[in-house]
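Commentary on secondary and tertiary structure
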Amino acid sequence: MSILHSVYQTLLNLKSFEDYILSGMFFAIGCYAYLQATNWGFAVGTWPRLTAGIVVVLSAVVLLQGYLPSSLKHLVTDGETMFSKRQKDATAIQNEGVEDTRTTTDISPAVTTALFVIGYGALAFLIGLLWATPLFVIAYTRWSGVRWKVALTLAGGTFLIAIGFATILNLPLESGWISEVLGI
Amino acid sequence: MSQLAAAVSGVSILLSWPVFGWMIVGVLLGILAGALPGIGAGLGMAIILPLTLPLDSVSGLVLLVSVYSGAMYGGSISAILINTPGTGGSAATTLDGYPMSREGLAKNATAISTTASVIGGSIGLLTLLLLLPLLVEIILAFQSPEYFMVAAIGLALIVIIAKGSLLKGLLSGALGLLIATVGIAPMQFEPRYTFGLFVLQDGINYIAALIGLFAIAEMITLSKESGGIAKTSVDVTSGSIRDGIRTTISKPVTLIKSAYIGMIVGAIPGGGSTVANFVSYSETVRSADKTQNPPFGEGNPTGVVATEASNNGSIGGSLLPTIAFGIPGSAATAVLLGGLLLHGLRPGPELFTSEAAITYAMLLSVLFGNLVILFVGLAVVTRASILTRIPTQLIIPVVVVLAMLGAFSLRGSWLEIVTITAMGLIGYLMIRNDYSVIALVLGIILGPIAEENLIRSLQISDGSFVVFLTRPISLVLVIIFILILLVPVLQRQSKTM
């Protein structure tokens, strides 16, 4: 199990591996979208074919970046985008001679947070957003080491916000898939 | 009644009770709606619309316009403090506003946002009042080729945005355009990429995509840290409201230019504050001195001035086609159109003749509402900088909950939950790998406008692209489009040579 975890960590920390996965995914989406669009007529299919075609070509170039001539390679690898430089990592704006102990390069908290978000969405679908909200908040805050008292207070606060949304916007936040199946 | 007499009459109506009171209530509700991710101007106004029924028509319409104005400003609060744009019109504010918060300058950033919003909104509205007859003529001349070219110019801005990895920037933009094709095809009513699911026929909601790409992706990034959003090494109380105001006033060119970009783009149906926000930001980046410190995207105050002046500047512009032609440029103005009809007023020339006093009262409520925004923004919102010191372990679950609730409230559909989750994860991976999330957002927003008007233009011209060159306004837009594409590429070439 620990070997698997170590392999997983190594793969995730390999930026080029992630890049290949991402561009490979875009390539697959582009190919599927293009093939689908060939079944449609001019007015319906022209725009999707055009955009999917561009996605296929550009993602293929990113996938093959290692084999590109140096004159073209800089188009893929030329530095950072002016926005991504800020966004790509929380560490980016903190390395200007200022020591900051919060920063860590460990990816685990990010993966766990992503799993929490997915779990929250899935739980909300099953039991309804209203009930899933405090459960998510308690689970997340307790995982991140927040004291029970604070966790429960925050869960109560977010539960009230959810009730506010349900009441003012008349949203069916209390019902999920289970309650619909059981007819509750 | 002359226009001047109508304007004077409009002022006296607006300053009468209870109309003035409803204006203040509207601005405050708008700021709240704008600050809550997923609610924004459109939904906020939609919630309030039925509540205006018992009010007289002037009070009801002033209330709606004031909510609109307040929400345009309110969106910047969450954009600056937690990197979550409350409205699409504040999406570009996150780019420099949030890094300022992280540097302990949230107080400055919110003060800049307040003053730029107020000045930009006022410039836009005053100009609108002065140029009303001329603007009506220009808007009437816009047809599908011009609409397509405006969208194309927006997409061409990707070249400016993707300053580093140009190819990845273009790929992100194309992917955004592809995502926007999901759902019923415009004008054809044929489903595309819906996998037989009814819920996908309405397409991917761009607000949900925005929330996922900005809020969820950022929360996943923040989870790797402890402490607050602002770095532990900085003092969040060290920022200064006065410095923020001074910074804004010291950039008159950016202020005026952004307000006018907002006004013009806002006046084009389909343009709206979101497009205006990005166009204005990109233009500011393009025309600015490249040696600025901090650079754009890393907490440059000029970026906040540009985006906030433009989104409030777009209010005046977007009201024009709604009132004059019944063509809403955005969801918010569509609700306002509903409000006009609900109160027995038909958009058209009558609103500038027999009902001109009501029209002026509505337009001037934006101007007077700005004073409320100025007071609330400087006295209350700037104090919210303390939020950036709250530990991320507490901020993350609250923002995720707000994002989920806001997304679900868009259409009451689980598709939005899936959208923000998927976009959050994809956005996080894209950011880590130097893809431009902003280019993706631009593609999603502009895709439907570009497609619909391209197909319509080609249908009009029997498939000939010459239609874009034979119409004077379209030709000017084509030239601007080519210049935007060529200039940065030539600049890169000259640098590498």
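What you see as residue numbers is a count from 1 along each chain, following the sequence as written. Written order decides the labels, with chains lettered from A and ligands numbered from 1. Local features in this predicted model are restricted to residues of pLDDT 70 or higher, and side-chain atom pairs are both shown and tallied only at a pLDDT of 80 or more, whereas totals for entire chains, interfaces and linings draw on every residue. Only heavy atoms go into the side-chain values, all of them from the structure, while hydrogens and water stay out.

1. Observations concerning the overall build of chain A
Counting from the N terminus, the helices are DSSP H or I runs at least four residues long and the strands are E runs at least two residues long. The helix and strand tally for chain A stands at nine helices and zero strands. Listing every helix and strand of chain A by position from the N terminus yields α-α-α-α-α-α-α-α-α. Every residue pair with non-hydrogen atoms within 4.5 Å of one another is taken to be in contact. Across chain A, every contact between residues at least 6 apart in sequence was considered, and the portion connecting residues at least 24 apart equals 51%. Using a 1.4 Å probe, accessible areas were evaluated by the Shrake-Rupley method; residue-level cover was limited to the displayed protein chains. As displayed, chain A has an accessible area near 9,800 Å², and 69% of this comes from carbon and sulfur atoms.

2. Some points on the overall build of chain B
Helices and strands together make up the secondary structure of chain B, namely 20 helices and two strands. Exposed residues in this analysis have more than 50% of their type's maximum accessible area, buried residues have under 20%, and partly exposed residues fall in between, with area computed by a 1.4 Å probe over protein chains only. For chain B, the proportion of its 497 residues judged to be buried stands at 66%. Taking all contacts inside chain B whose residues are at least 6 apart in sequence as the whole, residues at least 24 apart take part in 78%. Counting every atom, chain B has about 16,300 Å² of accessible surface; 71% of that belongs to carbon and sulfur.

3. Description of the packing of helix 6 (residues 108–127) of chain A against helix 16 (residues 392–411) of chain B
Their axes nearest at 12 Å, the elements helix 6 of chain A and helix 16 of chain B cross at an angle of 40°. The orientation of helix 6 of chain A with respect to helix 16 of chain B, classified from their angle, is oblique. When the axes of helix 6 of chain A and helix 16 of chain B are compared, the crossing they make is right-handed. Each of T113, V117, Y120 and G121 of chain A in helix 6 of chain A lies in contact with helix 16 of chain B, whose residues at this interface are I396, V400, V401 and M404 of chain B. Of the residues contributing to the contact of helix 6 of chain A with helix 16 of chain B, the split by class is six nonpolar, two polar and no charged. In this description, a line fitted to the C-alpha atoms serves as the axis of each element, helices being fitted only across the stretch in contact, and the angle between N-to-C directions of two axes falls anywhere from 0 to 180 degrees. Any angle that is under 35 degrees is reported as roughly parallel, and any over 145 degrees as roughly antiparallel; angles of 65 to 115 degrees are reported as roughly perpendicular and all others as oblique. Each crossing gets its hand from how the near helix is turned against the far one by less than a right angle, where anticlockwise is left-handed and clockwise is right-handed. As a working rule, the residues Ala, Val, Leu, Ile, Met, Phe, Trp, Tyr, Cys and Pro are called nonpolar, Asp, Glu, Lys and Arg charged, and the rest polar, with Gly in that last group.

4. Quick notes on the confidence of the model for chain A
All names here are of chain A. Mean pLDDT for chain A: 78, with 71% of residues reaching 70 or above. A score from 0 to 100, pLDDT tells how confident the predictor is in each residue. The secondary structure element of chain A with the lowest average pLDDT is helix 5 (residues 84–87), at 43, and the one with the highest is helix 7 (residues 129–143), at 94. Note on residues 80–105: pLDDT is under 50 here. Beyond four places in sequence and across chains, it has 77 contacts.

5. As for the nonpolar core
Across soluble globular proteins, nonpolar side chains have a tendency to be buried as a group. In terms of nonpolar packing, the biggest core is built from 123 residues, with L129 and L173 of chain A together with V400 of chain B touching the most fellow members. If we ignore the near neighbours within four places in the chain, the residues touching V400 of chain B are V117, Y120 and F136 of chain A together with I216 and M219 of chain B. Within the second largest apolar cluster, 64 residues are counted, among which are L14, I31, A41 and L64 of chain B. Think of a nonpolar core as a cluster: buried Ala, Val, Leu, Ile, Met, Phe, Trp, Tyr and Cys residues, connected wherever their side-chain atoms sit within 4.5 Å.

6. Concerning the pattern of salt bridges
Residues and elements named next belong to chain B. Each reported salt bridge corresponds to a side-chain nitrogen of Lys or Arg within 4 Å of a carboxyl oxygen of Asp or Glu. Tallying each qualifying case throughout the model produces nine salt bridges over all chains. In this structure, R192 engages E451 in a salt bridge whose closest nitrogen and oxygen atoms are separated by 2.7 Å. Of this pair, R192 sits in strand 2 (residues 191–192) while E451 sits in helix 18 (residues 437–460); the two residues are 259 residues apart in sequence, bridging distant segments of the chain. Notably, a salt bridge pairs R411 with E416, separated by 2.7 Å at the nearest N-O pair.

7. A short note on a nonpolar patch on the surface
Residues and elements named next belong to chain A. Patch rule: a residue counts if its relative accessible area is over 30% and it has no salt bridge; like charges are joined within 9 Å, and nonpolar side chains (Val, Leu, Ile, Met, Phe, Trp, Tyr) within 5 Å. A cluster of nonpolar residues, F125, L126, W177, I178, V181 and L182, forms a patch on the protein surface that exposes about 560 Å² of accessible area. Elements with a contribution of two residues or more to the nonpolar patch: helix 6 and helix 9 (177–182). Mapped onto the secondary structure, I178 falls in helix 9. Of the residues examined, I178 reaches a relative accessible area of 36% and is grouped as partly exposed.

8. Side note on the packing of aromatic side chains
Aromatic ring pairs are reported here in terms of the distance separating the ring centres and the angle at which the planes meet. Centres within 6.5 Å make a pair out of two Phe, Tyr or Trp rings, where for Trp the six-membered ring is used; the pair is then stacked when the planes are under 30 degrees apart, edge-to-face when over 60, and tilted otherwise. Evaluation of the coordinates by the stated rule reveals 14 aromatic pairs over all chains. Each ring, one from Y120 of chain A and one from F136 of chain A, has its centre 4.3 Å from the other, and the planes form 10°; the classification is stacked. With Y120 of chain A in helix 6 and F136 of chain A in helix 7, this pair connects stretches of sequence that are 16 residues apart. Exposure class is identical for Y120 of chain A and F136 of chain A. Each is buried. Aromatic pair F125 of chain A and W414 of chain B: ring centres 5.6 Å apart, planes at 85°, arrangement edge-to-face.

9. Considering the environment of P448 of chain B
Residues and elements named next belong to chain B. On the secondary structure map, P448 appears in helix 18. According to the relative accessible area criterion, P448 is partly exposed, its value standing at 37%. Along the primary structure P448 and A185 are separated by 263 residues, whereas in three dimensions their C-alpha atoms are 9.0 Å apart.

10. Side note on the packing of helix 11 (residues 252–267) of chain B against helix 12 (residues 272–287) of chain B
All names here are of chain B. Interaxial distance between helix 11 and helix 12 falls to 8 Å at its minimum, and their mutual angle equals 145°. As helix 11 runs across helix 12, the sense of the crossing is right-handed. Residue-level contacts link T254, K257, S258, I261, G262, V265 and G266 of helix 11 to G272, V275, A276, V279, S280, E283, T284 and S287 of helix 12. Across the contact of helix 11 with helix 12, the residue classes tally to five nonpolar, eight polar and two charged.

11. Some points on the side chain of T158 of chain A
Here T158 of chain A lies in helix 8 (residues 148–169). Accessibility expressed as a relative area gives 2% for T158 of chain A, which makes it buried. Residues adjacent in sequence count toward polar contacts only when both atoms are side-chain atoms; beyond that, a polar contact is any pair of N or O atoms within 3.5 Å, and within protein one must be able to donate a hydrogen and the other to accept it. Side-chain polar atoms of T158 of chain A contact the backbone oxygen of A155 of chain A, separated by 2.9 Å. If sequence neighbours within four positions are ignored, T158 of chain A has contacts with T133 and V137 of chain A together with V398 and V401 of chain B.

12. A few points about the environment of F189 of chain B
Residues and elements named next belong to chain B. Within the secondary structure layout, F189 lies in the loop between strand 1 (183–184) and strand 2. A relative accessible area of 67% places F189 in the exposed class. Separated by 12 residues in sequence, F189 and Q201 have C-alpha atoms that sit 9.4 Å apart.

13. Examining unusual backbone geometry
Residue and element names in this part refer to chain B. Following W17, the chain continues to P18 via a peptide bond in cis, the omega torsion being 10°. By the secondary structure assignment, P18 is in the loop between helix 1 (3–14) and helix 2 (19–35). In the Ramachandran plot, Y193 falls in the positive-phi region, its phi being about 50° despite a non-glycine side chain. Looking at the secondary structure, you find Y193 in the loop between strand 2 and helix 9 (206–222).

14. Things to note about helix 12 of chain B
With 16 residues, helix 12 of chain B extends 22 Å between its outermost C-alpha atoms, agreeing within 8% with the 22 Å of an ideal straight helix rising 1.5 Å per residue. Judged by how many residues are buried, helix 12 of chain B sits mostly within the fold: 14 of 16 residues are covered. One less than the number of residues in a helix, times 1.5 Å, gives the span that helix is expected to have.

15. So, the confidence of the model for chain B
Averaged over every residue, the pLDDT of chain B is 81; the share at 70 or more is 87%. Two numbers describe this predicted complex: its pTM, 0.70, and its ipTM, 0.80.

16. Some points on the environment of L374 of chain B
All names here are of chain B. Tracing the sequence through the fold places L374 in helix 15 (residues 356–379). Given the relative accessible area of 29%, L374 is considered partly exposed. The spacing of L374 and A116 is 258 residues in sequence and 9.7 Å in space, taken between C-alpha atoms. Once residues lying within four places of it in the same chain are set aside, the contact partners of L374 are T114, T115 and V118.

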